[in-house]
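Now for the letters of each chain:
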Amino acid sequence: MHIHILGICGTFMGGLAVLAKQAGHKVTGCDANVYPPMSTQLEQQGIELVQGFGAEQLAMYQPDLFVIGNVVTRGNPLMEEILNRNLPYISGPQWMGEHILQDKWVLAVAGTHGKTTTSSMLAWILEDCGYAPGFLIGGVPMNFGISARLSPAAASPFFVIEADEYDTAFFDKRSKFVHYRAKTAILNNLEYDHADIFPDLAAIETQFHHLVRTVPGIGRVIVNASEPALQRVMTRGCWSEQEGFGEGESANWTLTEHEDGSFDVLLNQQIQGTVQWELTGRHNRLNALAAIAAARHVGVPAAQAISALSRFENVKRRMEVRGDVAGVTVYDDFAHHPTAIATTLAGLRKKVGEARIVALLEPRSNTMKLGVMKQALPGSLSDADVVFAYQATSTATVKDNLGWDLKETLAPLGSKAHVFDDLNVLVERIVALTQPGDHILVMSNGGFGNVHQKILDALELKKAAS
């Protein structure tokens, strides 16, 4: 089958393209922004890409099916012509469900935070224990070096997928994850997010319950027992086995933390083993509990899963060290929600002790741009010693602009907060401020103008001049 993917350069759709190619389909695609690294990765797979959504693509290709990403809206010239000609089309998540996940034991990881990391942990546990899973993850697990693959073992039925609650397509406003038909489902946590499509938390809870409704009776739902929103979801009804993790009366899986960052894993108050690793933060320990519990559902003993996690190398852009110059360490992290920002900073603070943390933030998610959570930002940055933030100028496109005053929002932080609309000036100020022993934590869910490398390059120049 020849499929042509609209919106191919997004993380999910790019992974879908790789899986489709590996499954033997001819794959082409288009997007508004075709550039590295995604364009390079896709072209290396032999996938031909077109810049833009011009209707002339219908003359260039005669695919059997168009696969539509949720970036595509009505008014898109190519989509309008597909509709006018009554050509066959399908959403990306539905195509995944029908062509890749059919007949698989699907392990789906849902939640406001930690989906990518938990999915990566789970895929690695299964890989390390010989289960050879396929996977589609919204990041690049360092143990694999790729974000998506079919199982390398034809007989393996297991597939791990990051299960996003964002809507499916302009013609299907259900959350993506209802298409995956999970047999094992992790509900990691649940807070209000995606203010561009959900009016309130209750609306997201409804979507999560739709996911619960799709899990079969022989399946298992693994739920964060300390999350009130998830407890409300489960009280609406569950027809599958349940296990809880974290804290609370329904928690089967709990942990005991140690000062060195290791932690004991307990199942029904019985110690299963101790995880020894380099990851920081309680959020990552809870992610690990969920992954261990999910792996046990497919047959991995907890002790083996614990051992596998000692060899887990984390995910790119999750507290990833981008470089160290003259004793100044630069990290890259995907944190863009106030809760994620706070937990990431707390984990780094515990790791570095009294050393100075310089936080650099770019608020650019759709929820952030709407200003729904702006009042929570100052508190989420409290573990940083100095805060730098970037806000696009008033001449930026509507897509790039915040629409609210970042400097005013961060005013409660007083003199430790600095807001810039010029990235180069921001880099100069950060580098002038830093000294050996500092930790610079860059947080954004985008490329942030490659600011990490700009800082490292400037630090090298500072070092050479000293």
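Residues numbered from 1 in each chain as written. Predicted model: local features only at pLDDT ≥ 70, side-chain atom pairs only at ≥ 80, totals over all residues. Heavy atoms only, no water.

1. A few points about helix α1 (residues 11-22)
Then, in step 1: The end-to-end C-alpha distance of α1 is 17 Å, a good match for the 16 Å that 12 residues give at a rise of 1.5 Å each.
Then, in step 2: With 9 of 12 residues buried, α1 is to be regarded as a mostly interior element.
Then, in step 3: F12, M13, G14, G15, L16, A17, V18, L19 and A20 are the residues of α1 that are buried.
Then, in step 4: Count one or two residues on from α1 and you reach G24, which has phi positive near 100 degrees. (Helix = DSSP H or I, 4+ residues; strand = E, 2+ residues; numbered from the N terminus. Expected span 1.5 Å × (residues − 1). Buried < 20%, exposed > 50% of the residue type's maximum accessible area, 1.4 Å probe, protein only.)

2. Remarks on the packing of aromatic side chains
Pairs of aromatic rings are described using the distance from one ring centre to the other and the angle between the two planes.
Then, in step 1: Counted under the stated rule, the structure contains 9 aromatic pairs.
Then, in step 2: Here the aromatic rings of F135 and F144 are separated by 4.6 Å at their centres, their planes lie at 50 degrees, and the arrangement is tilted.
Then, in step 3: Through a chain of ring-to-ring contacts, the aromatic side chains of Y89, F170 and F171 assemble into a single cluster. (Phe/Tyr/Trp six-rings, centres within 6.5 Å; stacked < 30°, edge-to-face > 60°.)

3. Observations concerning helix α8 (residues 228-235)
Then, in step 1: Restricting attention to buried positions, one finds in α8 the residues A229, L230, V233 and M234. For α8, the angular spread of buried residues about the axis comes to 140 degrees, placing them on one side. Residues of α8 that are exposed and point over 90 degrees away from its buried face: P228 and T235.
Then, in step 2: Taken together, the buried residues of α8 touch β12 (184-187), α7 (201-214), β13 (220-224) and β14 (241-245).
Then, in step 3: After α8 finishes, the residue G237 shows a positive phi value of roughly 130 degrees. (Arc of directions from axis to C-beta. Contact = heavy atoms within 4.5 Å.)

4. With respect to the nonpolar core
One broad rule of soluble globular proteins: the nonpolar side chains tend to lie buried together.
Then, in step 1: Membership of the largest hydrophobic core comes to 55 residues, with the highest contact counts inside it found for M96 and L187.
Then, in step 2: Here this core gets 7 residues from one element, more than from any other, and that element is α1.
Then, in step 3: Dropping the residues within four chain positions of it, M96 is found in contact with F12, L16, L19, L101, L136, F159, I161 and Y180.
Then, in step 4: Among the nonpolar cores identified, the runner-up in size contains 45 residues, and L122, I125, Y131 and I137 belong to it. (Core = buried A, V, L, I, M, F, W, Y, C linked by side-chain atoms within 4.5 Å.)

5. Observations concerning unusual backbone geometry
Then, in step 1: Of note, N86 is a non-glycine position whose phi angle comes to about 55 degrees, a positive value.
Then, in step 2: Here N86 is to be found in the loop between α4 (77-84) and β5 (89-91).
Then, in step 3: Overall, N86 belongs to the exposed group, its relative accessible area being 67%.
Then, in step 4: Phi is positive for D103, close to 70 degrees, though the residue is something other than glycine.
Then, in step 5: Tracing the backbone shows D103 in the loop between α5 (92-99) and β6 (105-110).
Then, in step 6: The exposure class assigned to D103 is exposed, which follows from its relative accessible area of 72%.

6. A word on the sheet that holds strand β3 (residues 48-51)
Then, in step 1: The strand order β3-β2-β1-β4-β5 describes an open sheet built from 5 strands, whose pairing is parallel. At either end of the open sheet lies a strand with only one pairing partner, and these are β3 and β5. Averaged over all pairs of adjacent strands, the angle between their axes in this sheet comes to 25 degrees, without regard to strand direction.
Then, in step 2: Examined bridge by bridge, strand β1 (residues 2-6) and strand β2 (residues 26-31) share 5 bridges and lie parallel to one another. From the neighbouring strand, H2 faces β2, where its bridge partner is K26.
Then, in step 3: Where α1 meets the sheet, it contacts β1, β2 and β4 (65-68), and its direction lies at approximately 170 degrees from that of β1. (Pairing = 2+ DSSP bridges. Axes fitted to C-alpha atoms, helices over the stretch in contact; angles between N-to-C directions.)

7. With respect to the pairing of strand β11 (residues 172-175)
Then, in step 1: Pairing of strand β10 (residues 167-169) with β11, which is carried by 2 bridges, proceeds in the antiparallel orientation. Counterpart to D167 in the pairing with β11 is S175.
Then, in step 2: Counted between consecutive antiparallel strands, the loop separating β10 from β11 contains 2 residues.

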